[in-house]
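Chains, contacts and geometry: an overview
If you want the building blocks of each chain, they are given just below.
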Amino acid sequence: MVRGEENGTAIRAEGVSRHYQMGGSVIRAVDDVSLSIATGEFVALLGSSGSGKSTLLNLIAGLDRPTGGSVFVQNRNLSVLDTHELAQYRSATVGMVFQSFNLLPRMTLEENVELPLRLAEFPRNERKARVDEALKHVHLERRLNHRPNELSGGEQQRAAIARALVNRPSILLADEPTGNLDSSTGEEVMHLLKSFNESLGVTVVMITHERSLANRFAQRILTLADGKLIAETMPDDPRTPAGVLR
Amino acid sequence: MKIGDLTELALRNLREALLRNSLTTLGVCVGVASLVAMLSLGVGLQQFASKRLENSGLFNAVFVYSQSDMQEFRGPRRTGSAATPPLESRPLDESARRDLSRLPNVTEVYPQVRFMTEVRFADNPYPTSVAGVPDSARSDGAFDGMQGRFFSGPNANEAILQSDFAKELSNSPSSLIGKDLVLRYAERQSFSSTNGSSADVGFSVVPHEKQLRIIGIVDTEPEGGFGGFGRSRVFIPLALAEHLSATDVSDLRELVNGNGANRAYSSLTVRLKSATDVQNAENAIKNMGFATFSLLDTTKNLRLFFTVIDLLLGIFGSLALAVATLGIVNTLVMAILERRREIGVFKALGADDRDVRQLFFAEAGVMGLIGGIGGVFLGWLIGRALTLGTNIYLARQSFPPVKISAVPLWLAVGAIAFAVGVSLIAGLYPATRAARLNPVEALRYE
Ligand SMILES: Nc1ncnc2c1ncn2[C@@H]1O[C@H](COP(=O)(O)OP(=O)(O)O)[C@@H](O)[C@H]1O
Ligand SMILES: [Mg+2]
């Protein structure tokens, strides 16, 4: 919170809801959530499976639109952006990391990392340097020409982080980035995220269902249950809900 | 995304599902090939037919006679319109020939020189008709498919034989080329009519012989024997024929007219650059005071006929291409299903709907382009094969070879552009569907 006050708000949600109509019933994946995340902050989104974490993250990412309320990022209301502007917002402001890495299997690491630069129409002759730099940050500079299936899970996730950061976004959104990794590899990835948060000042919102990880790496923990924000705690706060977690 | 990136990504996507995309592209290729083969056949037949007609020499020529000759057939000459006052009958002589050759778009003016004479070959006499061939026959294709070669010059002591005549001379006609024959002709010598004998007015006739080298054998007579002198069997250069100045029909008539010293032509052929020049030239020649005869531009009707044929062939050819485009639709729709996740990732990384749409478009376009290029080549091959097959058949019936298919540049470029265009249309639905894909759903299921 200290840094938030210094640097302003990166992300603000005001009564955000994402409801799905399923036949006659309504599924409230995200229900009236209000939150504020400061620039440069490292926040963990905690909650059991199906609690609405991914849905909320997608709303912040501009991949989805809320059915109620608004998301503001750097004081821009995402609701008023059209599809094209949302795409530009994702391209310029947001980097995303997924549980299943989501590297494109048919492309080499280099090409995977280059992809956001292509989409951002980044000058061709400067791309190589950017890609090399990003891969160097995650210690994969020697695996440039490898395909994802030639890499271990941890390496793939590091490559995905390089891809998420290559366009120098101010916000990194990670949906269970350690979910498919064993604990020591997951640890490495967490350290990497933490280091980018600290060295580059990237705001990180990370989904996890492991309270211990949240406690060790996040500056603040937001807990979701049934689409609602039920707790906002500091690390190692005993009030962080535990019973609902897997 | 920039076009370069789109193309790169499209190519790499196509390379990944290589078998399927190759088959789809092959479908386009076959579709385009059928279109190109059909149209090349249409174009080839058209070229063949028009060339045959042009070679006949009937359509870019005006045949000129003197008015007085025509009056003998038609009775009194009708007076022309006010703009063209009645003209004096003018003799068709050397000065007239010069004037005619100065008209615009005239390539050559020459008389019909044809005479009956005796040819000696291997000590045997053959009475035959000899015709002078103008130098323009060299380039207008009238002697296409001949054995041997055309005259080396307008005065060369050379002869080309009609093939039936060649068979008469020898059992193996082609062996005649390079051998000599002797032409017996009667030379006319003018003198002033002072000796009073009515039979000798104007000139006397002196027999001569001329040795000619046989240089070629031709199947059909150029101009199809037009001119009313029957078919000739020995052809010699026109200037040589004129020089030999043998007694021909016009001379006999001049004799009757008692006008022997000033030699006139019975008719002249005015050859023009193209069939479209005929109308103007004919008018100009009429104004000079001559009677003319020409065939109107029948090639116009021919072109209309072939346009209709091309259209029909094009429609049939397009059917195969239409089927092929269904293959594109199918392949791309399949690709959407398989690449759901990839599309989701693209969007998560900042891709716009438009980027996704253009990527699918690019893939459709590349398949169309490659299929189009391959199809033009394949279609050309099919046309070649058809020509080859036809010629084998024709050769068995001892006809000269023909070229029945042609792929002009416009057809090649047009077919490729058509293939790309049709492929893009085929990509419309898949591309739109891919672009609309909801990224959240695409990313959700692992
Ligand atoms: N497209 C959808 N249609 C209906 N229900 C959905 C849809 N997307 C998500 N949900 C529901 O919303 C809830 C939250 O999902 P999600 O955000 O993925 O949870 P989490 O990431 O916390 O596991 C779940 O109950 C899920 O079934
Ligand atoms: Mg989730």
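These lines cover the structure that appears in this document, whether it is placed above or below.

Rules behind the numbers
Along each chain, the written sequence defines residue order, and numbers are assigned to residues from 1. Written order decides the labels, with chains lettered from A and ligands numbered from 1. Where totals are concerned, whole chains, interfaces and linings use all residues; where local detail is concerned, this predicted model gives features only for residues with pLDDT of at least 70, and gives and counts side-chain atom pairs only at 80 or more. Side-chain descriptors were evaluated using all non-hydrogen atoms of the structure, hydrogens and water having been removed beforehand. Paired strands, in this sense, are two strands between which DSSP finds at least two bridges. The secondary structure listing takes helices from DSSP runs of H or I that are at least 4 residues long and strands from runs of E that are at least 2 residues long, numbered from the N terminus. Each axis is a line fitted through C-alpha atoms, and for a helix only the stretch in contact is used; angles between axes span 0 to 180 degrees, taken between their N-to-C directions. Contacts: residue pairs with any heavy atoms within 4.5 Å of one another. Note on aromatic contacts: the rings of Phe and Tyr and the six-membered ring of Trp form a pair at centre separations within 6.5 Å, being stacked when their planes are under 30 degrees apart, edge-to-face when over 60 apart, and tilted otherwise. Relative accessibility thresholds used throughout: buried, under 20% of the residue-type maximum; exposed, over 50%; partly exposed, between the two (1.4 Å probe, protein chains only). We call a residue near a molecule or strand when any one of its heavy atoms sits within 4 Å of it. As used in this structure description, the phrase polar contact means that two N or O atoms lie within 3.5 Å; if the pair is within protein, one of them must be able to donate a hydrogen and the other to accept it, and residues adjacent in sequence are counted only when both atoms belong to side chains. Here the nonpolar group is Ala, Val, Leu, Ile, Met, Phe, Trp, Tyr, Cys and Pro; Asp, Glu, Lys and Arg are the charged ones; every other residue, Gly included, is treated as polar. Definition used in this section: a nonpolar core is a set of buried Ala, Val, Leu, Ile, Met, Phe, Trp, Tyr and Cys residues joined via side-chain atoms within 4.5 Å. Angles below 35 degrees are treated as roughly parallel, those above 145 as roughly antiparallel, those between 65 and 115 as roughly perpendicular, and all remaining angles as oblique. If you view the pair so one helix is near and one far, a crossing is left-handed when the near helix is turned anticlockwise from the far one by less than a right angle, and right-handed when it is turned clockwise. The arc refers to the directions leading from the helix axis to the C-beta atoms. Take the accessible area each of two parts loses on contact, using a 1.4 Å probe, and add the two losses: that sum is the buried area. One speaks of a salt bridge when a side-chain nitrogen belonging to Lys or Arg is within 4 Å of a carboxyl oxygen belonging to Asp or Glu.

Quick word on the sheet that holds strand β10 (residues 228–233) of chain A
Residue and element names in this part refer to chain A. Read from one edge to the other, the open sheet built from six strands follows the order β6-β7-β8-β3-β9-β10, with strand pairing classed as mixed. One side of each edge strand has no neighbouring strand; the edge strands of this open sheet are β6 (94–97) and β10. Between one strand axis and the next, the sheet turns through 20° on average, direction left out of account. Two elements, strand β9 (residues 220–225) and β10, share five bridges in a ladder whose sense is antiparallel. Each residue of the ladder has a partner; that of Ile221, found in β10, is Thr233. Across the sheet, helix α2 (residues 53–61) touches β3 (42–47), β6, β7 (171–175), β8 (203–208) and β9, and the angle it forms with β7 is around 155°. Sheet contacts for helix α6 (residues 153–165): β6 and β7; angle to β6, the most-contacted strand, approximately 170°.

Looking at the packing of aromatic side chains
All names here are of chain B. Per the counting criterion, the structure on display carries three aromatic pairs over all chains. Look at Tyr126 and Phe165: their rings are 5.9 Å apart centre to centre, the planes differ by 85°, and that puts the pair in the edge-to-face class. Placement of the pair is Tyr126 in strand β4 (residues 124–133) and Phe165 in helix α5 (residues 163–169), with a sequence separation of 39 residues. The pair formed by Tyr126 and Phe165 is uniform in burial state, with each residue classed as buried.

A short note on the site of ligand 1
Close to ligand 1 lie 14 residues, the nearest being Gly50, Lys53, Ser54 and Thr55 of chain A together with Arg444 of chain B. Near ligand 1, the surrounding residues are drawn from chains A and B. Between an oxygen atom of ligand 1 and a side-chain N or O atom of Ser54 of chain A, the distance comes to 2.7 Å. The separation between an oxygen atom of ligand 1 and a polar side-chain atom of Thr55 of chain A is 2.5 Å. Elements with a contribution of two residues or more to the shell around ligand 1: β1 (9–22), β2 (25–38) and α2 of chain A together with α13 (439–444) of chain B. Here the element with the most residues in the shell around ligand 1 is α2 of chain A; it accounts for three residues. Here the residues of the shell around ligand 1 sort into four nonpolar, seven polar and three charged.

Here's the deal with the nonpolar core
Counting 78 residues, the largest nonpolar core has Ile11 and Leu173 of chain A together with Phe346 and Phe360 of chain B as its most contacted members. The element that contributes the greatest number of residues to this core is helix α12 (residues 409–436) of chain B, accounting for nine residues. Among residues more than four places away in sequence, those in contact with Leu173 of chain A are Leu57, Ile60, Ala61, Val94, Gly95, Met96, Val97 and Val205 of chain A. Grouped together as the second largest cluster of nonpolar side chains are 40 residues, Ala44, Leu46, Leu117 and Leu151 of chain A included.

Observations regarding the packing of α6 of chain A against helix α7 (residues 183–200) of chain A
All names here are of chain A. Running from N to C, α6 and α7 cross one another at 20°; their axes reach a closest spacing of 9 Å. Viewed along their axes, α6 and α7 adopt a mutual orientation that is roughly parallel. In this structure, α6 crosses over α7, and the sense of that crossing is right-handed. The segment α6 lies against α7, with Gly154, Gln157, Arg158, Ile161 and Leu165 engaging Thr185, Glu188, Val189, Leu192, Leu193 and Phe196. A breakdown of the residues in the contact of α6 with α7 according to their chemical character gives six nonpolar, three polar and two charged.

Brief notes about helix α8 (residues 278–287) of chain B
Residue and element names in this part refer to chain B. Where α8 is concerned, the buried positions are Val278, Ala281, Glu282 and Ile285. Buried residues of α8, seen end-on, are gathered within an arc of 100° and therefore sit on one face of the element. Along its buried surface, α8 packs onto β1 (61–66), α4 (94–101), β10 (268–272) and β11 (290–293). In the stretch just after α8, Gly289 is the one whose phi turns positive, near 100°.

A word on the interface of chain B and chain A
Between chain B and chain A, the contact holds 26 residues from the first and 25 residues from the second. Roughly 2,600 Å² is buried in total at the junction of chain B and chain A, and carbon and sulfur atoms are behind 51% of that figure. Looking only at chain B, the three residues that lose the most surface to chain A are Arg12, Leu349 and Val440 of chain B, adding up to 23% of its buried area. Linking chain B to chain A there are nine salt bridges. The shortest N-O distance in the salt bridge between Lys2 of chain B and Glu121 of chain A comes to 3.6 Å. Where chain B meets chain A, there are 15 residue pairs in polar contact (both at pLDDT 80 or more). With seven residues, the single largest contributor to the side of chain B that touches chain A is helix α1 (residues 3–16) of chain B. Its residues placed into classes, the side of chain B that touches chain A shows ten nonpolar, three polar and 13 charged.

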